[in-house]
Amino acid sequence: MVPLPVDPSGERGPTKNQARGPHWRRTSRGLYVPADVDASSTDQRVVEAAAALPEDHGAVTGWAGLAWQRGRWFDGTPWGGGRVRRPTLAVGGNRWARPQPQFETSEERLAPADVVVVDGLRITSAVRSVCFEMRYARNELDAAITLSMACYDDLVSIDEATAYAATLNGWTGIPRCRLGLGLAVENAWSPAELVMGELWGGTGLGLPLHNRPVFDLEGRHLGTPDGIDPVTGVAGQYDGALHLVRAQRSKDIGVEDRLRSHGLEVVTMVASDLRDPTLFLGRLAAAYDRAADIPAHRRQWTIERPDGWHDTSTVAARRALPPELRGRLLRYRAV
């Protein structure tokens, strides 16, 4: 619902008296929506912030710009939880606007080429929105999660973000952004997988590949673990709330059984490990010990794709898929 200004006639907006009453809600200075419009909806929050822009300048940026481009992981909630953040309007040094309860403003330079119109709203390009979020992230891991989750929906690639960041010398937060570039991946399916991968890599035991399909030696698909060390045969799974649902848990157990029966060692990370990873790191070390004892003849698995298997591990590969294949091959990520 696009916010409306006061209209003395009451035809194109509330009258002054109506705007003061209980049936209208103020979204920003001089703009209103009916009181029953859901103020918690991500799209509605973005629209209400964008309505405060002048007709010829500024754009929605950061997480809100990515959300409007259907970045499904972006709703203003900080990675790891916390208070939902307000949308940010990039005003490009123009002091026409100040932060209001419904939005923040950024007066950093805004190049016309960085502004696009999507479904009637002016937003900054995906790569500018991503780099804005990465520069103001709490740490380099959060910056990496931001880029990785934008890659999830193919809004931007790591190469595109790297090239854009190279133009931002001296900008606030650019060192953090560049550190995040080195930690980001293009095939993570959830923020928690980035946390697991960072913890895993920090042990020095090995570096996991994210969501790499695993096959038996005849080319049959065994499963796609959240992470796998292809050198040692240790596979990792993150079990969030979805995985506790009975049908999903049954499916997960089946995948883990197939992986183990073909010579892989599986370790699981759960939500509580995000707060204190001590137990997960212990389980991971034990999994490496067990994997080292698996004889070579039991390692009946490979990550080499069989003929006819389409690669979907990079943004470029996914963008190249024809629409009918994209819908079919990527539907398993939708959950």
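Provided above is the structure to which this section pertains.
Bear in mind that the values here come from a model prediction, so they are computed numbers and not experimental data. For every chain, the first residue of the written sequence is number 1, and numbering continues from 1 onward in sequence order. With the structure being a predicted model, the display of local features is reserved for residues of pLDDT at least 70 and the display and counting of side-chain atom pairs for 80 or more, all residues being used for whole-chain, interface and lining totals. Side-chain calculation: all heavy atoms of the structure are included, whereas hydrogens and water are not.

Caption draft 1: Spotlight on the pairing of strand β3 (residues 31–34). Pairing between strands is defined by DSSP: at least two bridges between the two strands are required. Counting from the N terminus, the helices are the DSSP runs of H or I reaching at least four residues and the strands are the DSSP runs of E reaching at least two. Sheet topology places strand β1 (residues 4–5) next to β3; two bridges connect them, and they run antiparallel. Looking across to β3, one finds that L4 is bridged to Y32. Two strands pair when backbone bridges link them, and strand β2 (residues 24–28) and β3 are joined in this way by four bridges, in the antiparallel orientation. Bridge pairing in β3 links S28 to L31. Between the antiparallel neighbours β2 and β3 lie two residues, among them G30 with a positive phi of about 80°.

Caption draft 2: Inspection of the packing of aromatic side chains at higher detail. Centres within 6.5 Å are what make two rings of Phe, Tyr or Trp a pair, Trp counting through its six-membered ring; a difference in plane orientation under 30 degrees is then read as stacked, over 60 as edge-to-face, and the rest as tilted. For the structure on display, the rule yields four aromatic pairs. Seen from their ring centres, W73 and Y152 are 6.1 Å apart, and the 80° between their planes marks the pair as edge-to-face. Linking W73 in the loop between α3 (62–68) and β5 (88–90) with Y152 in helix α5 (residues 140–152), this pair joins segments that are 79 residues apart in sequence. Aromatic pair F74 and W79: ring centres 5.7 Å apart, planes at 70°, arrangement edge-to-face. A 1.4 Å probe rolled over the protein chains alone gives each residue an accessible area, and that area as a share of the maximum for its type sets the label: buried under 20%, exposed over 50%, partly exposed in between. Judged by its relative accessible area of 4%, F74 falls in the buried class.

Caption draft 3: Examining the packing of helix α4 (residues 126–135) against α5 more closely. Angles shown run from 0 to 180 degrees and are taken between the N-to-C directions of axes, each axis being a line fitted to C-alpha atoms and, for helices, limited to the stretch in contact. Packing of α4 against α5 brings their axes to within 8 Å, and their N-to-C directions diverge by 160°. On the basis of their axis angle, the class for α4 and α5 is roughly antiparallel. As α4 runs across α5, the sense of the crossing is right-handed. Every residue of α5 that contacts α4 at V130, E133 and M134 is listed here: A143, T146, L147 and A150. Under this grouping Gly is polar, as are all residues other than the nonpolar Ala, Val, Leu, Ile, Met, Phe, Trp, Tyr, Cys and Pro and the charged Asp, Glu, Lys and Arg. Grouping the constituent residues of the contact of α4 with α5 by class yields five nonpolar, one polar and one charged. Here roughly perpendicular refers to angles of 65 to 115 degrees, roughly parallel to angles under 35, roughly antiparallel to angles over 145, and oblique to all remaining angles. The sense of a crossing depends on the near helix, which, turned anticlockwise from the far helix by less than a right angle, makes the crossing left-handed and, turned clockwise, makes it right-handed. Residues count as neighbours in contact if any of their non-hydrogen atoms are within 4.5 Å of one another.

Caption draft 4: Quick look at the pairing of strand β14 (residues 265–270). Across the six residues of β14, five count as buried, placing the element largely inside the fold. Bridge count between strand β13 (residues 234–239) and β14: six bridges; the pairing is parallel. Looking at β14, one finds that V234 is bridged to E265.

Caption draft 5: Structural context of unusual backbone geometry. In this model, D119 sits at a positive phi of 50°, which is unusual for a non-glycine residue. You can see D119 is positioned in the loop between β7 (115–118) and β8 (121–124). D119 gets classed as exposed once you look at its relative accessible area, which sits at 61%. The backbone of D154 shows a phi angle near 60°, a positive value even though the residue is not glycine. Tracing the backbone shows D154 in the loop between α5 and α6 (158–165). On the basis of relative accessible area, D154 is assigned to the buried category, the value being 9%.

Caption draft 6: Expanded view of helix α8 (residues 191–202). Between its terminal C-alpha atoms α8 stretches 17 Å, which fits the 16 Å expected from 12 residues at 1.5 Å a residue. All buried positions along α8 are accounted for by P191, A192, E193, L194, V195, M196, G197 and W200. The first or second residue beyond α8 is G204, which carries a positive phi of 80°. Multiply 1.5 Å by the residue count of a helix minus one, and that product is the helix's expected span.

Caption draft 7: Molecular detail of the side chain of R318. If you trace the backbone, R318 turns up in helix α12 (residues 315–319). In this structure the side chain of R318 is engaged in a polar contact, spanning 3.5 Å, whose partner is the side chain of N187. Polar contact is the term for a pair of N or O atoms within 3.5 Å; when the atoms are in protein, one must be able to donate a hydrogen and the other to accept it, and sequence-neighboring residues count only if both atoms are side-chain atoms.

Just geometry here; none of it tells us what the structure is for.
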